[in-house]
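Here is what each chain is made of, one letter per residue.
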Amino acid sequence: MCEEHTVSLVDVLEEDEELEEEASAVLAGSDSDHCSYPQGYVKRQALYACSTCTPKGAEAAGVCLACSYKCHEGHDLFELYTKRNFRCDCGNRKFTELQCKLHPDKDEVNSLNKYSHNFFGVYCTCSRPYPDPDDQVEDEMIQCVVCEDWLHGRHLGCVVPDCVELQEMICESCMNKNPFLWTYATHLAVQHAAVQVKVENGLEDSKGNIPNNEKEDDDVEEPSCKRSRVEEVPNCKLRQLQALGQKTVQSGAVFWPPAWRSKLCSCNTCQERLSEANLSFLLDESDTVLTYENQGKNNEQRQQGHDVLMSALDNLNRVQQLEIIHGYNDMKAELKDFLQRFAADGKVVTPDDIRQFFEQQSRKRRREDSRHFYST
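As a starting point, this report considers the structure included with it. Only a predicted model underlies this, so the values are computations on that prediction, with no experimental measurement involved.

### Concerning the overall build of the chain
Then step 1. Of regular secondary structure, the chain possesses 10 helices and nine strands.
Then step 2. Taking all 376 residues of the chain together, 40% fall into the buried category.
Then step 3. The long-range share in the chain, meaning contacts at least 24 apart out of those at least 6 apart in sequence, stands at 73%.
Then step 4. Put simply, the chain shows about 21900 Å² of open surface, and 49% of that area lies on carbon and sulfur atoms.

Right, here's the structure in full:
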């Protein structure tokens, strides 16, 4: 007789805690009680777009986490994950019939905000919603660190590497808009099928053709104000990489390993190049989504403090643990069904909704306890 495989309640809760930490990291990194507008253009925050207030055809607008709860409860919202350097639009000129309840005194527009088709609920080069009811293919969505659009893995034009959650991706469109990035890609990027290194005298691809978007200059152009002073920056890392005489096939998205930003050149010329392209954030390692999520997890842990339940489980006998785990699994299944209704309707779950759920669970438990008392 084979030994029965057993899983303790501690194992179950630890696994669910890990999943909950990942899911809450984005929200925990933002303030759920106060509008972020007074903070100005926030370095990175969770954002939402309200289809009820700014439908397709209207001006694109984004609202912070707190406003999504307090000002747009019951509205049809698009979750935008996080965006950089964005200021909350809630209640400004773009919202003709809504005033922000948390911070009504706002400028008419936030001129430095950047918008995309994401704010109308579509993503990727295919401009489809997510989740897409008409797409039966299971595929992960990956965010470009430059344009911050989300793209299907199958639409990236490259092989998606392992451990993608630890890497950053720049889509092919953003690479081609900033050709000097291809130089870095040759030496710094995660090497896969779409990043093929070629020697300087062998520019042909596997079919013997020279890609049309190759340039003899390795696509590195100096800012106009600096071209006459190139000789003043002999320690430019970008120039040193160019001098190595290697190139890549400039096709498909590019994945970058951890800490790749620290290896970018930060000489004056390169800083100006990045500034002109609105890419100065690439020199800031704290700009990454991973850093933001880690901050959110740390915030969540500080708020939760010591978990008494996890510590008490070791003091329960096997029968007591089984009773609790059955009750936990029942509640977990009911909570999943409860949350799926919100997902199907495209609504945001508020703290009041969660409180209502657990109040119903409490009343249900009291009824069950009463029936058990009278039956005994």
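Next comes the rest of the account.
### Overview of the sheet that holds strand β1 (residues 42-50)
The strands making up a sheet are joined through hydrogen bonds of the backbone, oriented either antiparallel or parallel.
Then step 1. One open sheet holds the three strands; their spatial order is β2-β1-β3, and the pairing between them is antiparallel. Strands at the two margins of the open sheet, each flanked by one partner only, are β2 (63-64) and β3 (77-86).
Then step 2. The pairing of β1 with β3 spans seven bridges and is antiparallel. Note that in β3 the partner of Arg44 across the bridge is Arg84.

### Some thoughts on the packing of aromatic side chains
What characterises a pair of aromatic rings is the spacing of the ring centres plus the angle enclosed by the ring planes.
Then step 1. The full count for this structure, using the stated rule, is eight aromatic pairs.
Then step 2. Between the aromatic rings of Tyr115 and Phe119, the centroid separation amounts to 5.2 Å while the plane-to-plane angle is 70 degrees, which identifies the pairing as edge-to-face.
Then step 3. The exposure class assigned to Tyr115 is partly exposed, which follows from its relative accessible area of 28%.
Then step 4. Since its relative accessible area comes to 2%, Phe119 is described here as buried.
Then step 5. Seen in terms of ring centroids, Phe338 and Phe357 are 5.1 Å apart; in terms of plane orientation they differ by 40 degrees. Their pairing is tilted. Of this pair, Phe338 sits in helix α9 (residues 318-345) while Phe357 sits in helix α10 (residues 351-375), placing them 19 residues apart in sequence. As far as the burial class goes, Phe338 and Phe357 line up, both buried.
Then step 6. Members of the aromatic cluster, connected to one another through ring pairs, are Phe338, Phe342, Phe357 and Phe358.
Then step 7. Directly above the ring of Phe281 sits Arg84, whose terminal nitrogen or CZ lies 3.6 Å from the centroid.
Then step 8. Stacked on the ring of Phe180, the Lys or Arg Arg273 has its end atom at 5.6 Å from the ring centre.

### Concerning the environment of Thr82
Then step 1. By the secondary structure assignment, Thr82 is in strand β3.
Then step 2. For the pair formed by Thr82 and Ser30, sequence separation is 52 residues and the distance between their alpha carbons is 9.7 Å.
Then step 3. Filtering out sequence-adjacent residues up to four positions away, Thr82 remains in contact with Val26, Arg44, Gln45, Ala46, Gln143, Glu148, Val289 and Tyr292.
Then step 4. Within the structure, the side chain of Thr82 is placed 2.9 Å from the side chain of Arg44, a separation counted as a polar contact.

### Examining the nonpolar core
Then step 1. In terms of nonpolar packing, the biggest core is built from 47 residues, with Met169, Ile170, Tyr184 and Trp256 touching the most fellow members.
Then step 2. Ranked by the residues each element gives to this core, the list is headed by helix α4 (residues 180-188), at six residues.
Then step 3. Sequence-distant contacts of Met169, that is, excluding residues within four places in its chain, are made with Ile142, Gln143, Cys144, Val145, Leu151, Leu156, Ala253, Val254, Phe255 and Trp256.
Then step 4. If you look at the next biggest cluster of nonpolar residues, it comprises 20 residues, including Cys50, Leu77, Cys88 and Val348.

### Description of the pattern of salt bridges
Then step 1. The full count for this structure, using the stated rule, is 14 salt bridges.
Then step 2. Of the charged contacts in the structure, one is a salt bridge between Asp132 and Arg128, with a shortest N-O distance of 2.8 Å.
Then step 3. The exposure class assigned to Asp132 is buried, which follows from its relative accessible area of 13%.
Then step 4. Sharing partners across several salt bridges, the network here consists of Arg44, Arg84, Glu148, Glu168, Arg261 and Asp287.

Basis of the calculations
- Residues numbered from 1 in each chain as written.
- Predicted model: local features only at pLDDT ≥ 70, side-chain atom pairs only at ≥ 80, totals over all residues.
- Heavy atoms only, no water.
- Helix = DSSP H or I, 4+ residues; strand = E, 2+ residues; numbered from the N terminus.
- Buried < 20%, exposed > 50% of the residue type's maximum accessible area, 1.4 Å probe, protein only.
- Contact = heavy atoms within 4.5 Å.
- Areas by Shrake-Rupley, 256 points an atom, 1.4 Å probe, with all protein chains shown as cover.
- Pairing = 2+ DSSP bridges.
- Phe/Tyr/Trp six-rings, centres within 6.5 Å; stacked < 30°, edge-to-face > 60°.
- Lys NZ or Arg CZ within 6 Å of the ring centre and 35° of its normal.
- Polar contact = N/O pair within 3.5 Å; in protein donor to acceptor, adjacent residues only side chain to side chain.
- Core = buried A, V, L, I, M, F, W, Y, C linked by side-chain atoms within 4.5 Å.
- Salt bridge = Lys/Arg side-chain N within 4 Å of Asp/Glu carboxyl O.

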